[in-house]
Amino acid sequence: MTTLFTILFDGVAYGMLLFVLACGLAVTLGLMNFVNLAHGAFAMTGGYVCAVLVNNSGWPFFAGLPLAFVSSALIGVVLERALYRHLYTRSHLDQVLFSVGLVFMSVAAVDYIMGSSRIFIKLPAALEGQFDFFGVGIGRYRLMIIVICGLLTVALQLILARTRFGSRLRAAVDDPRAASGLGINVPQVFAFTFAFGCGLAGLGGALSAEVLGLDPYFPLKFMIYFLIVVTVGGSSSITGPFLASLLLGIGDVAGKYYVPKMGPFVIYTIMIVILIWRPNGLFGRTATR
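Since we're looking at a predicted model, the values are computed, not measured.

What counts, and at which threshold
Residues numbered from 1 in each chain as written. Predicted model: local features only at pLDDT ≥ 70, side-chain atom pairs only at ≥ 80, totals over all residues. Heavy atoms only, no water. Helix = DSSP H or I, 4+ residues; strand = E, 2+ residues; numbered from the N terminus. Rg over C-alpha atoms; globule rule 2.2 N^0.38 Å. Buried < 20%, exposed > 50% of the residue type's maximum accessible area, 1.4 Å probe, protein only. Contact = heavy atoms within 4.5 Å. Areas by Shrake-Rupley, 256 points an atom, 1.4 Å probe, with all protein chains shown as cover. Lys, Arg positive; Asp, Glu negative; His and termini not counted. Charge placed at Lys NZ, Arg CZ, Asp CG, Glu CD. Pairing = 2+ DSSP bridges. Phe/Tyr/Trp six-rings, centres within 6.5 Å; stacked < 30°, edge-to-face > 60°. Salt bridge = Lys/Arg side-chain N within 4 Å of Asp/Glu carboxyl O. Axes fitted to C-alpha atoms, helices over the stretch in contact; angles between N-to-C directions. Parallel < 35°, antiparallel > 145°, perpendicular 65-115°, else oblique. Left-handed = near helix turned anticlockwise from the far one by under 90°. Core = buried A, V, L, I, M, F, W, Y, C linked by side-chain atoms within 4.5 Å.

## What to know about the overall build of the protein chain
Tallying secondary structure elements over the protein chain gives 11 helices and two strands in all. Whereas a compact globule of 289 residues would reach a radius of gyration of roughly 19 Å, the protein chain reaches 19 Å, a difference of no more than 12%. In terms of overall dimensions, the protein chain has a C-alpha envelope of 60 × 50 × 35 Å along the principal axes. Across the 289 residues that make up the protein chain, the buried fraction comes to 47%. Considering only contacts in the protein chain between residues 6 or more positions apart, those separated by 24 or more positions represent 76%. Carbon and sulfur atoms make up 68% of the accessible area of the protein chain, which totals about 13800 Å². The positive charge centre, built from 18 side chains, and the negative charge centre, built from 11, are 8 Å apart in the protein chain.

## Side note on the pairing of strand β1 (residues 130–133)
Where β1 meets strand β2 (residues 136–139), four bridges bridge the pair, whose relative direction is antiparallel. Across the sheet, the residue bridging to Gln 130 is Gly 139, located in β2. A loop of two residues connects β1 with β2, the two strands running antiparallel in sequence, and Phe 134 in this loop sits at a positive phi of about 50°.

## Digging into the side chain of Ser 99
Mapped onto the fold, Ser 99 is located in helix α4 (residues 92–114). The buried category is assigned to Ser 99, whose relative accessible area is 0%. Ignoring any residue separated from it by four or fewer positions in sequence, one finds Ser 99 in contact with Val 35, Asn 36, Leu 37 and Ala 38.

## Remarks on the packing of aromatic side chains
Evaluation of the coordinates by the stated rule reveals 14 aromatic pairs. Between Phe 42 and Phe 194 the ring centres are 6.1 Å apart and the planes differ by 90°, which places this aromatic pair in the edge-to-face class. Here the residue Phe 42 occupies a position in helix α2 (residues 39–56), and Phe 194 occupies one in helix α8 (residues 186–212), the gap between them amounting to 152 residues. No difference in accessibility class separates Phe 42 from Phe 194, as the two residues are buried. Ring geometry for Tyr 88 against Phe 190: centres 5.5 Å apart, planes inclined by 80°, an arrangement best described as edge-to-face. Of this pair, Tyr 88 sits in the loop between α3 (61–82) and α4 while Phe 190 sits in helix α8, placing them 102 residues apart in sequence. Taken together, Phe 34, Phe 42, Tyr 84, Tyr 88, Phe 98, Phe 190 and Phe 194 form an aromatic cluster joined through their ring pairs.

## Here's the deal with the pattern of salt bridges
In total, this model carries six salt bridges according to the counting rule given. A salt bridge links Arg 118 to Asp 215; its shortest N-O distance comes to 3.7 Å. With Arg 118 in the loop between α4 and β1 and Asp 215 in the loop between α8 and α9 (218–233), this pair connects stretches of sequence that are 97 residues apart. In this structure Asp 215 comes out as buried when scored by relative accessible area, which is 7%. Between Lys 256 and Asp 252 there is a salt bridge, with its nearest N and O atoms 3.2 Å apart. Taken together, the residues Lys 256 and Asp 252, both in helix α10 (residues 239–258) and four residues apart, mark about one turn of the helix. Overall, Lys 256 belongs to the partly exposed group, its relative accessible area being 42%. Using a relative accessible area of 1% as the deciding quantity, one classes Asp 252 as buried. Residues joined by salt bridges that share partners form a network here, namely Arg 118, Asp 215 and Lys 221.

## Observations concerning the packing of helix α1 (residues 2–31) against helix α5 (residues 140–162)
Orientation of α1 relative to α5, taken along the N-to-C sense of each, is 30°, at an axis distance of 8 Å. As the angle between them shows, α1 and α5 are arranged roughly parallel. The way α1 lies across α5 gives a crossing that is left-handed. Along its contact with α1, which presents Phe 9, Asp 10, Val 12, Ala 13, Met 16, Leu 17, Phe 19, Val 20, Cys 23 and Leu 31, the element α5 presents Arg 142, Leu 143, Ile 145, Ile 146, Cys 149, Gly 150, Leu 152, Thr 153, Leu 156 and Leu 160.

## Regarding the nonpolar core
Formed by 86 residues in total, the largest nonpolar core has its most connected members in Cys 50, Phe 61, Tyr 141, Phe 190, Leu 207, Phe 218 and Val 232. Looking at this core element by element, the count peaks at 15 residues for α1. Not counting residues up to four positions away in its chain, the partners in contact with Phe 218 are Leu 21, Gly 40, Ala 43, Met 44, Ser 208, Leu 212, Gly 213 and Phe 226.

Shown next as C-alpha cells:
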C-alpha cells in the first residue's frame with residue numbers, strides 16, 4: 001500500500017505538471033482552433049529564463065517563476081502579432097508546418113546560445129528532499145507542484161467560465177464576424193489568449209526543469225506528450241485535458257515502476273484505448289468551425 005500511494009502521489013504531481021505544460025495548447029487548439037506545435041518552445045523559453053535568473057544571477061526561485069511566465073507571454077504576443085495572426089484562417093496543415101518550423105529554429109537558437117548540455121534549476125533548501133507522511137515519502141518539490149498547478153487549474157477554469165473575458169473568447173471563437181458586430185475586438189482577444197497560453201507554457205517549463213531536465217531538444221521530446229494530453233482529454237474544455245493529464249501521469253509512473261521495460265508504452269496504450277472508446281476524447285465534441 002505504501003508503494004501504491006507513493007506511485008499515486010508521484011503520478012498526480014507528474015500529471016499536474018503535464019497539464020500546466022499542455023493547457024496552453026488546449027487553449028489555442030480547443031478555444032482558438034489553432035494548431036500550435038511550437039508550444040513546447042515557449043515552455044523551453046520559460047525554463048531557460050528561470051534557470052538563468054536562478055542559477056547565474058542568484059534570483060530566488062519563486063521570483064524566477066513569474067518572470068518565466070511574463071517572458072514567454074511577451075514573446076508570444078510579439079510572434080502572434082507578427083506571424084501567427086496571418087495563419088488563423090489558413091488550413092491546419094499550414095499551421096502545423098509553420099509551427100514545426102519554429103520548433104526547429106528555436107532548438108537551433110537555444111543550442112547555439114545555451115549549449116546542448118542538460119541543466120537543472122537550483123532549488124531552495126526548503127523544497128529539497130522529502131518528508132514521511134504515514135509511511136509515504138512525500139517529495140517537497142512535487143507537493144509544491146501539485147499545489148501550484150491545482151490553484152492554476154481552478155483559476156483558469158473560473159476565468160474561462162465565469163468572467164466577461166471568457167464569454168468574449170467563446171463568442172469570438174464560435175462566430176468571429178458576429179462577435180465583431182457586437183463590439184468585441186476579436187484580434188485583441190485572440191492575442192491576449194495566445195499570450196496567456198504561452199505564459200502558462202513558460203511557467204510549466206520552469207516548474208518542470210527540475211523534474212524533466214532542460215535542454216535545447218525539450219520541445220521535440222515532449223511535443224507528443226502535449227498532443228496526447230489534448231487528444232485524450234478533448235480540446236473543447238479545460239476539464240478534459242486536466243483529467244487526461246492526471247490519468248496519463250499516474251499511468252506513466254505506474255508503468256515505469258511495475259513494467260520498466262514496457263513503461264514508455266503504457267501512456268500510448270492508454271491513449272489508444274480511450275480514443276477507440278471515445279474518438280473525440282474524454283470531453284470532446286465535434287468542432288463547430
